[in-house]
Every structure is written in C-alpha cells, then in structure tokens.
Amino acid sequence: MSSSCKIALVLSLLAASLLCALAAGDGQHRPPSKPILTRLAKDPATSLYTASVKNGGGQLVLDLAGPLVWSTCPGQHRTIPCGAGVCTVANRNHRPNCQYTAGSNGGDGGRCACSSTAYNPASGQCGYGDLTTVQLSANATDGKNPLFQVWFSAVASCAPQPLLGSLPSGVAGVAGLSRAPLSLPLQVAAQLKVEKKFALCLPTAGSDGAAIFGGGPFWLQAAPPQQVSDRLRYTPLLKNPKNSAYYIGVTGLAVNNVQVPLPPGALSLSARQGTGGVAVSTATPYTALRSDIYRPVRDAFAAATAGFARAPATGPFDLCYQKSALPSTRIGLYTASIDLMLAGGQNWTIVGSSAVVEVSQAAACFAFVDMGATATPAVDHSPAVIIGGHQMEDNLVVFDLEKWQFGFSGLLLGTMTRCGNFDFSMGSQ
Ligand SMILES: *[C@@H]1O[C@H](CO)[C@@H](O)[C@H](O)[C@H]1NC(C)=O
Ligand SMILES: *[C@@H]1O[C@H](CO)[C@@H](O)[C@H](O)[C@H]1NC(C)=O
C-alpha cells in the first residue's frame with residue numbers, strides 16, 4: 001500500500017469513528033442491540049428456502065455457500081468507487097466458473113464504479129453488476145418473538161434480471177450466508193453489533209421456518225415451550241481455503257448403526273486442493289454424495305430396508321418404496337437411520353423419516369442423490385458430500401463463527417416440536 005493510501009485509510013477510519021460517535025451521541029432512542037429474526041419459507045417448485053429480509057417485503061433465497069448478498073437493483077442506485085476497500089473484498093471469493101471482472105465498468109461519467117459477480121446457486125449462472133448498498137429490514141428478537149423493526153444497510157451486488165432464472169418466482173435475489181466478510185450474517189454482526197452467529201430452522205413446504213442472526217436463545221412452542229439452542233450438539237466448523245462454504249469433519253457413515261465400508265480418506269477435505277470434505281448447503285435440496293460414496297451407502301440402505309415393497313425409481317432417486325409398505329410413526333415414515341460419524345466420536349443422526357421423501361401419494365424414495373448426476377453442485381471444488389436442505393428441515397442448525405463450531409439439534413419432531421412452531425406474534429420487551 002502506498003503511503004498516500006495509508007493516510008487516506010487512516011483519515012477515513014477517523015471520519016468513520018467520528019460519525020459513529022455522533023450517531024451514538026444522539027441515540028437515546030436507539031434500542032439496545034439484539035439479534036434479528038426472519039421468517040423462512042420453502043418454495044415447493046424449486047425446493048429452495050427464502051427469507052423475508054429485503055427492503056419492501058421481497059424475499060431472498062438462502063445460500064449457505066454464497067459470499068454476497070445480491071438482488072436486482074433499480075436503474076438509479078448508489079455505486080461504490082473501484083478504489084474502495086469493499087470493492088476488493090467483494091471481488092475475492094469469486095467462483096472458478098465465473099469470469100473475473102476486476103470491478104470496473106467505467107460508467108458514471110468516467111468515474112470507475114465497482115462491479116462484482118453474483119452467482120445463482122440453482123442454475124450455476126453468473127451475473128455482473130454494480131456493487132451498491134441496500135437497506136434491509138427485519139425484526140429484533142429475544143429468541144421467542146419478534147419485538148420491533150430494525151433497518152440496516154448492507155453492501156450488495158446488483159444482478160441483471162435474467163440471473164433470477166431457476167429461483168422461486170417473485171424473489172429479488174440471494175442472501176449469501178457463508179463465512180466471507182460480505183455475507184449477510186457477517187454484515188448483520190458488524191452493523192448491529194451482535195454475535196457472529198446464526199441459527200436456521202428450515203421448514204417443510206407450506207410451513208414457516210425461522211432464522212435468527214446474532215446469537216441468543218431460540219425458542220419453539222411446545223408443551224412446555226423449548227429453548228432448543230440449549231440442547232444442541234457441536235462439532236468444529238472446517239474452512240476450505242479455496243471457498244467460503246461451511247464444512248464439518250465426518251469420519252464415516254453408518255446405516256442402522258453399521259458402518260458403510262468406504263475407501264480410506266473418502267470423506268476428508270484436502271486443504272491443498274480444496275476438494276473432498278463434507279459441506280453444508282441450503283441450495284442443495286437432497287444430500288448429494290460423490291458417486292464412490294453414494295453407491296455403497298445406497299446399497300447399505302437398500303439392504304437395511306429389504307423387507308419393504310419397492311416402487312419404481314423416479315426423478316433423481318433410484319431407490320423408492322411403496323409408501324403403504326413403510327411403517328408410519330409419530331415422526332414420519334420408518335425406514336433406516338444414517339449416522340454421519342463426526343470427528344470426536346459423536347454422530348449427527350439422520351433418522352429414517354428424514355432419510356426418505358414422499359414423492360407421491362403412493363411412493364417414498366431414499367432422499368440422497370448421486371452427485372455425479374447433478375449438473376452444477378451448489379458448492380464448488382467437488383466436496384465428497386453436500387448435506388442438503390431436506391436432511392436439515394425441522395432441525396435447528398447453528399453456525400457459530402465466534403467459536404467456529406456447528407451446532408445441530410437432530411429432528412425436532414423427536415421432542416414434539418418443529419420449525420413451524422416459532423411464535424411470530426409480536427412480543428413485548
Ligand atoms: C415483524 O414482525 C411482525 C409480526 O410478525 C410482522 O408483521 C412484520 O412483517 C415483521 N417485520 C419485518 C420487517 O420482518
Ligand atoms: C455413532 O454411530 C456409530 C455407527 O452407527 C456407532 O457405532 C457409535 O456407537 C455411535 N456413537 C455414539 C456416541 O452414539
């Protein structure tokens with residue numbers, strides 16, 4: 001950095017802290033920082049999850065592996081100079097398959113305006129547009145109810161309208177939730193002075209879910225009400241130096257408590273190449289396994305459920321059952337459970353009802369897919385496993401970027417509650 005740059009940086013930091021001090025000074029009415037709550041929904045057509053955080057009630061698609069917030073912008077919007085530090089930050093983490101634009105379009109009367117890359121995790125397409133700032137709103141929460149509305153600004157990338165293809169109709173863009181500095185949770189933490197931590201309770205289609213950004217408790221209605229984040233189990237979050245997605249350390253997979261034989265190292269993350277490992281994605285409808293892992297797991301699942309009458313394979317699934325042949329339990333269809341055996345000895349258990357999905361009135365299928373058959377996986381660099389949305393629905397999952405750990409509740413139906421039980425009626429402080 002040149003010395004004039006350093007001086008400019010110091011001056012802008014001084015100006016920023018002065019502004020902050022002024023803002024704090026007249027802020028008697030400013031409520032104390034609290035985490036924020038957004039309502040989540042699942043789009044049945046695309047199996048993507050949306051959050052209501054956009055200015056004006058629009059929806060953004062959740063993308064756990066996404067580095068940025070992006071949306072379509074009005075013709076008149078603020079631009080950010082190419083030389084701004086945030087322009088450099090926004091252009092890091094760009095996808096291997098997206099062209100690099102280096103943040104210049106020369107518009108705006110010759111002044112260089114920063115542009116950045118927006119990525120659609122469903123279609124695999126890239127788009128380019130100005131970097132801008134948007135106003136977002138959500139409710140502050142005590143973890144039980146919404147309390148009062150808060151507005152905050154966020155740096156976002158403008159995307160061309162066609163980039164919305166393959167997303168649920170009516171959404172405005174995508175909220176990247178990854179560990180990259182301009183992801184929604186990290187911008188919320190910086191703007192609202194809350195913890196770098198967020199909780200997702202993904203709903204099934206037709207029901208509400210909830211996300212809380214900024215830490216704090218997470219209550220669900222039940223008899224009696226449950227503070228679900230108190231009873232999570234945790235495993236370290238792993239970083240892939242090649243992307244900003246979240247990974248966890250899985251040492252083995254088991255079906256009905258019998259470990260599935262896999263090639264040695266099949267699940268490990270290669271820090272050098274950034275390949276392999278077990279990533280988590282809200283833009284992947286069903287957990288996707290690399291072909292060499294998919295086949296033995298599917299065969300083990302088929303063997304463990306050999307007694308149940310089969311139905312013809314359908315869609316991306318190649319192991320289906322007659323629904324009437326599967327015993328029905330309080331928590332859903334009974335099949336076989338799958339343990340993700342975690343580094344450290346504990347398990348994230350996918351119970352039988354989450355291991356299958358009802359595809360029609362008459363059939364349910366093994367809800368894992370062969371990654372080899374997926375055109376554009378939502379996480380780059382060929383993970384061995386991408387844990388998908390269906391297996392996280394009606395679970396509370398917490399991404400704690402303060403302690404670098406991942407917390408999970410297991411299927412909430414097991415304790416007589418579900419994500420749809422979040423109480424969205426206005427609370428009082
Ligand atoms: C805040 O919560 C209330 C009550 O659920 C809801 O009507 C309102 O839309 C929420 N506001 C925002 C910005 O999400
Ligand atoms: C984890 O799962 C494996 C395979 O099902 C099982 O052998 C082991 O006992 C489980 N560990 C714990 C702590 O439950």
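Residues numbered from 1 in each chain as written. Chains lettered and ligands numbered in written order. Predicted model: local features only at pLDDT ≥ 70, side-chain atom pairs only at ≥ 80, totals over all residues. Heavy atoms only, no water.

Going by the annotation in an unreviewed UniProt entry, the name recorded for the protein chain is Peptidase A1 domain-containing protein, with Oryza punctata given as the source organism. You can read under Sequence similarities (unreviewed entry) in the UniProt record for the protein chain the words "Belongs to the peptidase A1 family." (UniProt positions renumbered as here; feature names shortened; annotations may be inferred.)

Turning our attention to the site of ligand 2. Lining the immediate environment of ligand 2, one finds Ala-254, Asn-257, Asp-339, Met-341, Gly-345 and Asn-347. Asp-339 places a polar side-chain atom, nitrogen or oxygen, 2.6 Å from an oxygen atom of ligand 2. For ligand 2, the protein covers 51% of the area, taking 370 Å² as the surface of the free molecule. Split into classes, the residues belonging to the shell around ligand 2 amount to two nonpolar, three polar and one charged. (Near = heavy atom within 4 Å. Polar contact = N/O pair within 3.5 Å; in protein donor to acceptor, adjacent residues only side chain to side chain. Areas by Shrake-Rupley, 256 points an atom, 1.4 Å probe, with all protein chains shown as cover. Nonpolar A, V, L, I, M, F, W, Y, C, P; charged D, E, K, R; others polar.)

This part covers helix H4 (residues 291-304). If you check H4, its first and last C-alpha atoms are 20 Å apart, about what 14 residues at 1.5 Å a residue would give, namely 20 Å. Taken residue by residue, H4 has Ser-291, Ile-293, Tyr-294, Val-297, Phe-301 and Ala-302 as its buried positions. Within H4, the buried residues cover an arc of 155° as seen down the axis, which keeps them to one side. (Helix = DSSP H or I, 4+ residues; strand = E, 2+ residues; numbered from the N terminus. Expected span 1.5 Å × (residues − 1). Buried < 20%, exposed > 50% of the residue type's maximum accessible area, 1.4 Å probe, protein only. Arc of directions from axis to C-beta.)

Moving on to the pairing of strand S8 (residues 173-176). Pairing of strand S3 (residues 60-63) with S8, which is carried by four bridges, proceeds in the parallel orientation. Within S8, the position partnered with Leu-60 by the bridge is Gly-173. The pairing of strand S4 (residues 69-71) with S8 spans three bridges and is antiparallel. Looking at the pairing, Trp-70 lines up with Val-174 of S8. (Pairing = 2+ DSSP bridges.)

A word on the site of ligand 1. Lining the immediate environment of ligand 1, one finds Ser-137, Ala-138, Asn-139, Pro-146, Gln-149, Phe-424 and Met-426. At 2.3 Å from an oxygen atom of ligand 1 is found a side-chain nitrogen or oxygen belonging to Asn-139. Between ligand 1 and Phe-424 there is a distance of 2.6 Å, counted from an oxygen atom to a backbone nitrogen or oxygen. Here ligand 1 has 360 Å² of accessible area as a free molecule, and 58% of this is covered by the chains.

Grouped together as the largest cluster of nonpolar side chains are 74 residues, with contacts concentrated most on Leu-200, Phe-301, Trp-348 and Phe-399. For this core, the leading source of residues is strand S7 (residues 146-158), giving six residues. Each of domain 1 (3-28 + 44-195) and domain 2 (230-408) accounts for three or more of the residues forming this core. Filtering out sequence-adjacent residues up to four positions away, Phe-399 remains in contact with Leu-64, Lys-196, Lys-197, Phe-198, Leu-200, Leu-237, Tyr-246, Val-280, Gln-405 and Phe-406. (Core = buried A, V, L, I, M, F, W, Y, C linked by side-chain atoms within 4.5 Å. Domains from an automatic or database assignment. Contact = heavy atoms within 4.5 Å.)

Evaluation of the coordinates by the stated rule reveals 14 aromatic pairs. Aromatic side chains Phe-366 and Phe-368 sit 5.0 Å apart centroid to centroid with 25° between the ring planes, which places their arrangement in the stacked category. Site record: aromatic cluster; members linked through ring pairs are Phe-198, Phe-213, Tyr-246, Trp-348, Phe-399, Phe-406 and Phe-408. The ring of Phe-424 carries Arg-39 above its face, with NZ or CZ at 4.2 Å from the centroid. Seen from the ring of Trp-219, Lys-144 lies directly overhead, with NZ or CZ sitting 4.5 Å from the centre. (Phe/Tyr/Trp six-rings, centres within 6.5 Å; stacked < 30°, edge-to-face > 60°. Lys NZ or Arg CZ within 6 Å of the ring centre and 35° of its normal.)

Moving on to the sheet that holds strand S20 (residues 320-322). Spatially, four strands are ordered S19-S20-S26-S25 in an open sheet, and the strand pairing comes out antiparallel. Both edges of this open sheet fall to strand S19 (310-311) and strand S25 (356-358), since each of them pairs with a single strand only. Relative to strand S26 (residues 363-366), S20 is paired through three bridges, and the arrangement is antiparallel. Of the residues in S26, the one forming a bridge with Gln-322 is Ala-363. Its contacts with the sheet put H4 on S19, S20, S25 and S26, and the angle it makes with S26 is roughly 135°. (Axes fitted to C-alpha atoms, helices over the stretch in contact; angles between N-to-C directions.)

According to the stated counting rule, one finds seven salt bridges in the structure shown. As a salt-bridge pair, Asp-400 and Lys-197 come within 4.0 Å of each other at their nearest N and O atoms. Pair noted here: Asp-400 is in strand S29 (residues 396-400) and Lys-197 is in strand S9 (residues 197-201), with a separation of 203 residues, a long-range link. By the burial criterion, Asp-400 is buried, and Lys-197 matches it. For Arg-290, the salt bridge is made with Asp-292, and the minimal N-O distance between the two is 2.8 Å. The exposure class assigned to Arg-290 is partly exposed, which follows from its relative accessible area of 25%. Given the relative accessible area of 30%, Asp-292 is considered partly exposed. Here the salt bridges share partners, and the residues they tie into one network are Arg-298, Asp-299 and Asp-318. (Salt bridge = Lys/Arg side-chain N within 4 Å of Asp/Glu carboxyl O.)

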